[in-house]
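Single-letter residue listing:
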Amino acid sequence: MKRKQSAAQAAPHLAVAIALALLPTWNAPAIADVPLTLAEAQRQAIGRSQMLVAQDYAVTASREMAVAAAQFPDPVATLGINNLPINGPDAWSATRDFMTMRSIGVMQEITRADKRKARAERFTREAEKSLTEKSARIASIQRDTALAWLDRYYAEAQLAVVTEQSDQAQLEIDATESAYRAGRGGLADILGARNALVVLDDRASELRRRIGSAKIALARWVGDAADAPLAGKPAIDAIALDRGTLNDVLAHHPQIAVLAKQEEVADADVKVAQANKKPDWSVALMYSQRGSAYSNMVSLNVSVPLQWDQANRQDREVAAKIAMLDQARAEREDMLRAHAAEVRAMIAEWENDRDRSARYERELVPLASERTQAILGAYRGGKANVVDLLTARRNEIDVRLQALQLEMETARLWAQLNFLILYGHAEMDAGVNQRREGP
């Protein structure tokens, strides 16, 4: 009956495994056409992370050690022969001399309950620290994936601007060549237009290189999905942080939280060291067999360590653990102050860049475009030369690229601030669980 149930339970898993194995073959084109959103990229990055798997193993290891540390030490079995003659008529005989005994025994160290509890508590704190490190790793994956996604998005946006300007430059080359053939322009105009196109082609090559590098960086997190088209950019004009509650929020910063857990581990080490100041007793029971003419014997021994120099041994160990606890506490406080200053500076920079980016979009980019259109109209009416037009085109593309560069810097600051701590914990856990249940 058990075999039938196992087979029935295995059948759905086998079907899922077969479907997943066939999925890339018949569904890959459809998947490749789906735009990759920032949230989806982060979910896939978390699902693919092996570092999270490593953190799970670290948690499991610490929890297993906590159970082991709460147990009594293993008993020690002893075998021996005592008082064996080595000379005379009874030499090397284990039965003729009344003092010779063949012994078997067992010894058990009786570790006190509070000491075993302190040792188990230490590993429990270590497990909690590993869980906190896992949360820190998830936040780091969210942030780094967002930065890679944004780098590719804005590199492609800049390439689109350059490509658009290249098309316009080609039309201007055609126009200057037609004017030259009609006797209305000079060779210098043609050369200037061609030079402008070459400069744009060079910029396009550099941007394609940046896109390639951005795809490689994104593939580090999402694999083959890095080649998929990107969806629209996220809203980067708001962050989840509030300056009024910044100190409370930063208390949950992954690195601060890890140091807080490290402080708890150090505190548990202090308790273990304090428990070690009280020695543990050991009990040994031994059965000794002598020759057939003599009585067998039983021995019971109790032993206890003599901590005759606690001032230089146990007390020093406790002092060292307390110092390490103070060190962990001081490091946490210092990092909290450093992060608070860093985050406040980043918020101020993000707000400034956001205002500047809005100014570019609202004023500078439209003005540059209108100026180009005005000079283009004057050029077509014979009131401006091609140099004026090329200068206007160059100024417009510079302004548009500067606007995109500034917006990218704003977006990168937004990503670093918005994914400073772990948001969407339930969604992230769902992604991790899906990764575990996958093939």
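Residues numbered from 1 in each chain as written. Predicted model: local features only at pLDDT ≥ 70, side-chain atom pairs only at ≥ 80, totals over all residues. Heavy atoms only, no water.

Enquirer: What is the right way to look at the packing of helix α8 (residues 314–380) against helix α9 (residues 386–418) in this model?
Expert: How two helices pack is summed up by the angle between their axes together with the distance between the axes. Two elements in contact, α8 and α9, have axes separated by 8 Å at closest approach and are oriented at 160°. Put simply, α8 runs roughly antiparallel to α9. Between α8 and α9 lies a crossing whose hand is left-handed. In terms of residue class, the contact of α8 with α9 is made up of 20 nonpolar, seven polar and eleven charged. (Axes fitted to C-alpha atoms, helices over the stretch in contact; angles between N-to-C directions. Helix = DSSP H or I, 4+ residues; strand = E, 2+ residues; numbered from the N terminus. Parallel < 35°, antiparallel > 145°, perpendicular 65-115°, else oblique. Left-handed = near helix turned anticlockwise from the far one by under 90°. Nonpolar A, V, L, I, M, F, W, Y, C, P; charged D, E, K, R; others polar.)

Enquirer: Where do I start with helix α5 (residues 187–222) in this structure?
Expert: An α-helical turn contains 3.6 residues, so a residue and the one three or four places further along point in the same direction. Over its 36 residues, α5 runs 51 Å from end to end, which matches the ideal 52 Å to within 8%, given 1.5 Å per residue. With its phi angle positive at about 70°, Gly223 sits one or two positions after the end of α5. (Expected span 1.5 Å × (residues − 1).)

Enquirer: Sorry if this is basic, but what is going on with the packing of aromatic side chains here?
Expert: How two aromatic rings sit relative to each other is set out by the distance from centre to centre and by the angle between their planes. What the rule picks out here adds up to four aromatic pairs. A centroid spacing of 6.1 Å and a plane angle of 55° characterise the contact between Phe98 and Tyr294, whose relative ring orientation is tilted. Note that Phe98 is positioned in the loop between β1 (76–82) and β2 (101–110) and Tyr294 in the loop between β3 (281–289) and β4 (297–303), a separation of 196 residues in sequence. On the basis of relative accessible area, Tyr294 is assigned to the partly exposed category, the value being 30%. Through a chain of ring-to-ring contacts, three or more aromatic side chains come together here, namely Trp149, Tyr153 and Tyr154. Just above the ring of Trp350 sits the side chain of Arg354; from NZ or CZ to the centre is 4.5 Å. (Phe/Tyr/Trp six-rings, centres within 6.5 Å; stacked < 30°, edge-to-face > 60°. Buried < 20%, exposed > 50% of the residue type's maximum accessible area, 1.4 Å probe, protein only. Lys NZ or Arg CZ within 6 Å of the ring centre and 35° of its normal.)

Enquirer: Can you help me understand unusual backbone geometry in this one?
Expert: The phi torsion of most residues other than glycine is negative, and most of the peptide bonds are trans. Look at Asn83: it is not a glycine, yet its phi comes out positive at around 60°. Position of Asn83 among the secondary structure elements: in the loop between β1 and β2. The backbone of Trp92 shows a phi angle near 60°, a positive value even though the residue is not glycine. By the element assignment, Trp92 lies in the loop between β1 and β2.

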